[in-house]
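Chain and residue survey
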Amino acid sequence: MKSMIYRTKGALGMPAAVVDFILFILVSQLMKPQGISVISPSLQKILWPQFGNEIAYIFIVAAGFLALSMRRKCDQAFLVALCFPLVSGLLTVIRGLSVFGWLRNYSSAIIALLILQICKYDLIRLIRVLRVYLEILIIINLIYIILYPTGAYEGDVYSYYNWFLGYKSSLQCYMVPCICLEWLDSCYSKKSIRFITMLFIGVTETILSHNAMLSMGMIILTLFIVFRLYELKPLRSGYLYIVIVILVNVIFVFFIALLGKLSIFQALLDIFNKTMTLSSRASVIWPKTLQMIADNPVFGHGVYLAKSYDRIFGKAGFSHAHNQFLQVLLDGGVFLLVIFFGWLLYVCRRLGRNKDLRSSKIFVFFLFEILLMATVEVYIFGPTYFATWLVLYLSMYTYDIDRQYRSALMNSSNLLNDQLRRE
């Protein structure tokens with residue numbers, strides 16, 4: 001099937017390089033490095049100008065609806081995925097809260113879904129463009145970490161560990177999607193040098209940044225790759241990972257005191273320089289969140305503005321619940337949580353249909369990694385998580401990804417054979 005927008009020579013007859021450039025500009029405006037406004041305001045004006053993000057949004061929304069209107073049948077996966085952010089917005093409006101709070105935190109989810117529809121028949125192009133942009137940001141951030149080990153500047157909330165990409169916790173917004181796309185591309189292209197290099201850079205940068213959550217995620221990822229655990233059939237089940245994530249969340253949120261009695265848990269806390277409060281999560285944020293959830297358990301409170309969360313939790317920087325499932329319950333209660341889990345189960349079902357594909361083996365693991373790390377962080381909530389949303393949405397299209405990669409490799413092989421015959 002041919003793309004409605006992307007042809008052999010690119011979009012609307014444009015050369016492929018031009019299409020790549022346009023995609024790169026769009027992606028860059030969607031993921032501005034958080035530290036650039038402090039490090040170099042003049043460079044920010046050039047590369048990430050004022051209203052650049054809004055212009056990119058308008059372009060993607062227009063192109064996305066154009067792509068959808070040109071299809072005879074609406075994509076089922078698109079409709080299912082769209083339910084979660086739209087329902088959260090509806091509940092926010094019903095609660096009488098500002099729609100801007102919802103837009104700030106969930107617009108990335110909708111934009112990622114739309115750009116995926118634009119590039120649906122040329123997903124490899126989108127994957128490679130996003131991968132290049134993430135590589136650039138991660139390498140620049142590593143340089144800043146090496147030059148300024150304790151931070152390049154003092155932030156509004158934290159006076160240390162602030163670099164090009166912002167505070168240390170922002171690193172996962174870029175690192176996890178980048179490693180996922182690197183691994184995916186290396187599996188099909190059979191060229192692993194780039195992937196191994198970025199994995200090494202990722203592990204090194206994560207350790208130097210003192211990001212405990214991401215460090216655990218990178219350790220698990222490295223073990224999966226080195227010991228080829230992704231090849232084990234029991235570990236290809238998304239349902240299994242969902243159960244594990246739920247158990248981990250229940251243990252951390254409700255039984256953290258029992259964990260503290262385990263010597264191995266205490267050792268991990270010492271390694272990452274953490275206390276039993278988990279940076280006030282267990283002592284302040286989670287108890288307050290659970291209290292608010294109990295006040296409106298069915299439909300939640302709606303999506304607040306970031307400053308409102310600071311006031312609720314009593315400290316600047318506490319801008320969310322620091323647990324994805326608690327955040328969903330806080331925003332939309334049990335009603336929204338059911339929709340969220342419904343979408344996750346739908347993703348698992350689509351992954352299960354194609355569990356033997358290379359793409360499915362990779363994305364089912366990253367679905368697990370993203371949700372597992374979200375036990376202590378809200379991982380898909382905020383304007384910087386565009387790439388994370390995109391990786392989650394790509395997990396619904398592993399068959400299309402596999403088919404497009406194989407088709408591209410076959411075309412490349414045919415072109416090479418034609419050249420050899422001519423010579």
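Residues numbered from 1 in each chain as written. Predicted model: local features only at pLDDT ≥ 70, side-chain atom pairs only at ≥ 80, totals over all residues. Heavy atoms only, no water.

Tallying secondary structure elements over the protein chain gives 19 helices and 4 strands in all. What you see for the protein chain is a C-alpha radius of gyration of 21 Å, in line with the 22 Å of a compact globule of 423 residues. Counting only C-alpha atoms and orienting by the principal axes, one finds that the protein chain spans roughly 70 × 50 × 45 Å. The proportion of buried residues among the 423 residues of the protein chain is 54%. Sequence-distant contacts, at least 24 apart, represent 74% of the contacts inside the protein chain between residues at least 6 apart. (Helix = DSSP H or I, 4+ residues; strand = E, 2+ residues; numbered from the N terminus. Rg over C-alpha atoms; globule rule 2.2 N^0.38 Å. Buried < 20%, exposed > 50% of the residue type's maximum accessible area, 1.4 Å probe, protein only. Contact = heavy atoms within 4.5 Å.)

This brings us to the nonpolar core. Trp183, Trp343 and Tyr393 are the most contacted members of the largest nonpolar core, which totals 131 residues. Tallying contributions element by element places helix α16 (residues 324-353) first for this core, with 15 residues. With residues near it in sequence (within four places) discarded, Trp343 still touches Val80, Ala81, Trp389, Leu392, Tyr393 and Met396. (Core = buried A, V, L, I, M, F, W, Y, C linked by side-chain atoms within 4.5 Å.)

Now for the packing of aromatic side chains. Per the counting criterion, the structure on display carries 30 aromatic pairs. Ring centres of Phe84 and Tyr106 lie 5.7 Å apart, and the angle between their planes is 80°; on these two criteria the pair is classed as edge-to-face. Residue Phe84 is located in helix α5 (residues 76-94), and its partner Tyr106 is located in helix α6 (residues 99-118); the two are separated by 22 residues in the primary sequence. Accessibility expressed as a relative area gives 1% for Phe84, which makes it buried. The exposure class of Tyr106 is buried, given its relative accessible area of 0%. Summarising the aromatic geometry, the rings of Trp183 and Tyr230 are spaced 5.1 Å apart at their centres and angled 80° between planes, so their arrangement reads as edge-to-face. With Trp183 in helix α8 (residues 172-189) and Tyr230 in the loop between α10 (212-226) and α11 (238-254), the pair connects residues that are 47 residues apart, well separated along the chain. (Phe/Tyr/Trp six-rings, centres within 6.5 Å; stacked < 30°, edge-to-face > 60°.)

Relative to each other, α11 and α16 sit at 160°, their axes nearing to 10 Å. The angle between α11 and α16 places the two elements in the roughly antiparallel class. Seen from α11, the contacting residues are Gly238, Tyr239, Ile242, Val245, Ile246, Asn249 and Val253; seen from α16, they are Phe325, Leu326, Phe341, Leu344, Leu345, Cys348 and Arg349. Taken together, the residues of the contact of α11 with α16 break down into 11 nonpolar, 2 polar and 1 charged. (Axes fitted to C-alpha atoms, helices over the stretch in contact; angles between N-to-C directions. Parallel < 35°, antiparallel > 145°, perpendicular 65-115°, else oblique. Nonpolar A, V, L, I, M, F, W, Y, C, P; charged D, E, K, R; others polar.)

Between the first and last C-alpha of α8 there are 25 Å, a value that for 18 residues agrees with the 26 Å anticipated at 1.5 Å per step. Across the 18 residues of α8, 18 count as buried, placing the element largely inside the fold. Downstream of α8 by a residue or two, Lys190 has a phi angle that is positive, lying close to 65°. (Expected span 1.5 Å × (residues − 1).)

Opposite charge on two side chains allows them to pair when their charged atoms are near. Applying the stated criterion across every chain, the model contains 14 salt bridges. Of the charged contacts, one joins Arg131 and Asp185 as a salt bridge, the two residues approaching to 3.0 Å between their closest N and O atoms. Residue Arg131 is located in helix α7 (residues 123-147), and its partner Asp185 is located in helix α8; the two are separated by 54 residues in the primary sequence. Taken as a pair, Arg131 and Asp185 share a single burial class, namely buried. Its salt-bridge partner being Glu377, residue Arg281 comes within 3.1 Å of it at the nearest N-O pair. Of this pair, Arg281 sits in helix α14 (residues 281-295) while Glu377 sits in the loop between α17 (358-373) and α18 (386-394); the two residues are 96 residues apart in sequence, bridging distant segments of the chain. Across the pair, exposure class does not vary: Arg281 and Glu377 are buried alike. Salt bridges sharing partners connect three or more residues here, namely Arg228, Glu231, Arg236, Asp356 and Lys361. (Salt bridge = Lys/Arg side-chain N within 4 Å of Asp/Glu carboxyl O.)

Residues Met216, Ile219, Leu223, Val226, Phe227, Leu262, Ile264, Leu268 and Ile271 make up a contiguous nonpolar surface patch of roughly 870 Å² in combined accessible area. Within the residue set of the nonpolar patch, elements represented by two or more residues are α10 and α13 (263-271). No other element matches the 4 residues that α10 contributes to the nonpolar patch. Note on Ile271: relative accessible area 64%, which makes it exposed. (Patch = residues over 30% accessible without salt bridge, like charges linked within 9 Å, V, L, I, M, F, W, Y side chains within 5 Å. Areas by Shrake-Rupley, 256 points an atom, 1.4 Å probe, with all protein chains shown as cover.)

Turning to the environment of Arg350, a few remarks are in order. Mapped onto the secondary structure, Arg350 falls in helix α16. According to the relative accessible area criterion, Arg350 is buried, its value standing at 17%. C-alpha separation for the pair Arg350 and Ser395, spaced 45 residues apart in sequence, amounts to 8.2 Å. Once residues lying within four places of it in the same chain are set aside, the contact partners of Arg350 are Gln76, Ala77, Met396 and Tyr397. From its side chain, Arg350 meets the backbone oxygen of Met396 in a polar contact 2.6 Å long. (Polar contact = N/O pair within 3.5 Å; in protein donor to acceptor, adjacent residues only side chain to side chain.)

With that settled, consider the confidence of the model for the protein chain. Residues of the protein chain with pLDDT of at least 70 account for 94%, and the chain-wide mean is 89. Across the protein chain, the secondary-structure element scoring lowest on mean pLDDT is strand β1 (residues 6-7), at 40, and the one scoring highest is α7, at 97. Ignoring residues within four places in sequence, the model shows residues 1-12, a span with pLDDT below 50, making 29 contacts including any to other chains. (pLDDT = per-residue confidence, 0-100.)

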